[in-house]
Amino acid sequence: MQKICLDNKVIFVTGAAGFIGSNLVMRLFKDVKGATIVGIDNMNDYYDVALKEYRLSELNKSVPEGTTWKFVKGDIADKVTIDRLFEECKFDVVVNLAAQAGVRYSITNPDAYIQSNMIGFYNILEACRHNAVEHLVYASSSSVYGGNKKVPFSTDDRVDNPVSLYAATKKSNELMAHCYSKLYDIPSTGLRFFTVYGPAGRPDMAYFGFTNKLMKGETIKIFNYGNCRRDFTFVDDIVEGIVRVMQGAPERKKGEDGLPIPPYAVYNIGGGQPENLLDFVQILQEELVRAGVLPEDYDFEAHKELVPMQPGDVPTTYADATALERDFGFTPKITLREGLRKFAEWYKEYYK
């Protein structure tokens, strides 16, 4: 592994106003000395733009002395913008988190996924190719495992049967990155994230959507009659994993044929503790009451409905994160109760 010190580097974070992106930039502010950090985000209205603006304002007021922070409102699918930024800024490390997220939305709005996840990622790869980037780290997803029956999911498993277009685009990103690593010797690492949650997260995710509905006295739908298991991963754990991986690029080596062995790696980042959806809802409601988001006497049973599985969803996600622990000495640690408590407290504060 090639060690990279992030101090004084020029770092590019795409999707910087997004949930994971903004948390990553905040962490880099704290940990990295003398860096120039450039963020890009198209600020689209897939969910409430006010949340993206809130995250950005939190970043803008947290820039430490000695760090340069620049935000660009733009789209990674716009090749001219991306090429210009790489040319001007000479990025050392690139973290591509910009993507059209969400399994269900991909069923009704496929165009958005092709633009952002395919064309956008291609633009990033091309720019890395022409600008001698030291390390490209990019977001993949646990959804690439599809209906995989073998658990926990390992990066050694075959993932050739996606059950959503979203999953297919993420698998394609891994294939494209492998190809560019092989052809152009670009060190790249893909990270398969498992159900990320936390404060100021995405409102389309279950924990956030459930909370919004319960606040309005609406009924929440629990899919597959509650028989889903999810490997929930708190955002701080995801960010810890990203920061560690950024500092360890796959090594450039030559094979017996004299050609480069692709400096390419893929890791799972997941809690390794799948939780049953009904248990998850139970903890969420306890923490919402504790934080004062909902009253003590709230009748949860009257607001729950068990419904069948929906298209594109999978019954279980379960990460085998032993490779991440082996190579980077890290396994996600934050429990579901701790994480949902932080979310509930933030929710109370933000929507007060």
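Residues numbered from 1 in each chain as written. Predicted model: local features only at pLDDT ≥ 70, side-chain atom pairs only at ≥ 80, totals over all residues. Heavy atoms only, no water.

### What to know about the sheet that holds strand β2 (residues 10-14)
- Taken in spatial order, the seven strands line up as β4-β3-β2-β5-β6-β7-β15 in an open sheet, and their pairing is parallel. Single-partner strands in this sheet number two, and they are β4 (68-73) and β15 (264-269). Neighbour-to-neighbour, the strand axes of the sheet open up by a mean angle of 15 degrees, direction not taken into account.
- The sheet contact formed by β2 and strand β3 (residues 36-41) spans five bridges and is parallel. Bridge pairing in β3 places Ile11 opposite Ile37.
- Of the strands in this sheet, β6 (135-141), β7 (188-193) and β15 touch helix α6 (residues 165-184), which is tilted by about 155 degrees from β6. (Pairing = 2+ DSSP bridges. Helix = DSSP H or I, 4+ residues; strand = E, 2+ residues; numbered from the N terminus. Axes fitted to C-alpha atoms, helices over the stretch in contact; angles between N-to-C directions. Contact = heavy atoms within 4.5 Å.)

### A closer look at α6
- With 20 residues, α6 should cover 28 Å at 1.5 Å per step; its first-to-last C-alpha distance of 28 Å lies within 8% of that length.
- Among the residues making up α6, those that are buried are Tyr166, Ala167, Thr169, Lys170, Lys171, Asn173, Glu174, Met176, Ala177, Tyr180 and Ser181.
- Close packing links the buried residues of α6 with α4 (103-108), α5 (110-130), β6, β7 and β15.
- Asp185 sits one or two positions beyond α6 and adopts a positive phi of about 60 degrees. (Expected span 1.5 Å × (residues − 1). Buried < 20%, exposed > 50% of the residue type's maximum accessible area, 1.4 Å probe, protein only.)

### A look at the side chain of Gln285
- Along the polypeptide, Gln285 turns up in helix α9 (residues 277-290).
- Not counting the four nearest positions on each side in its chain, Gln285 is found in contact with Phe300 and Lys304.

### So, the pairing of β4
- Pairing analysis gives six bridges linking β3 to β4, with the strands arranged parallel. Bridging across to β4, Ile40 finds its partner in Val72.
- Read as a crossover between parallel neighbours, the route from β3 over helix α2 (residues 49-60) to β4 is right-handed. (Right-handed = clockwise from strand over helix to strand, strands pointing away.)

### Focus on the nonpolar core
- Grouped together as the largest cluster of nonpolar side chains are 74 residues, with contacts concentrated most on Leu24, Leu28, Phe193, Tyr207, Ile242 and Met246.
- When neighbours within four sequence positions are excluded, Ile242 is seen to be in contact with Ile20, Leu24, Val95, Leu97, Leu191, Phe193 and Ile269.
- Counting 26 residues, the second-largest nonpolar core is a separate cluster that includes Ile76, Ala98, Val133 and Tyr180. (Core = buried A, V, L, I, M, F, W, Y, C linked by side-chain atoms within 4.5 Å.)

### What to know about the environment of Arg129
- Here Arg129 is to be found in helix α5.
- Residue Arg129 is classed as partly exposed on the basis of its relative accessible area, which comes to 33%.
- Once the C-alpha coordinates of Arg129 and Gly258 are considered, the two residues, 129 residues apart in sequence, prove to be 20 Å apart.
- Filtering out sequence-adjacent residues up to four positions away, Arg129 remains in contact with Tyr180, Tyr184 and Ile186.
- At 3.0 Å, the side chain of Arg129 and the side chain of Glu126 are in polar contact. (Polar contact = N/O pair within 3.5 Å; in protein donor to acceptor, adjacent residues only side chain to side chain.)

### Things to note about the packing of helix α1 (residues 19-31) against helix α8 (residues 235-246)
- Between α1 and α8, whose axes approach to 9 Å, the crossing angle comes to 60 degrees. The orientation of α1 relative to α8 falls into the category oblique. Where α1 crosses over α8, the two elements pack in a sense that is right-handed. Every residue of α8 that contacts α1 at Phe19, Ile20, Asn23, Leu24, Arg27 and Leu28 is listed here: Val235, Asp236, Ile238, Val239, Glu240, Ile242, Val243 and Met246.
- Taken together, the residues that form the contact of α1 with α8 break down as ten nonpolar, one polar and three charged. (Parallel < 35°, antiparallel > 145°, perpendicular 65-115°, else oblique. Left-handed = near helix turned anticlockwise from the far one by under 90°. Nonpolar A, V, L, I, M, F, W, Y, C, P; charged D, E, K, R; others polar.)

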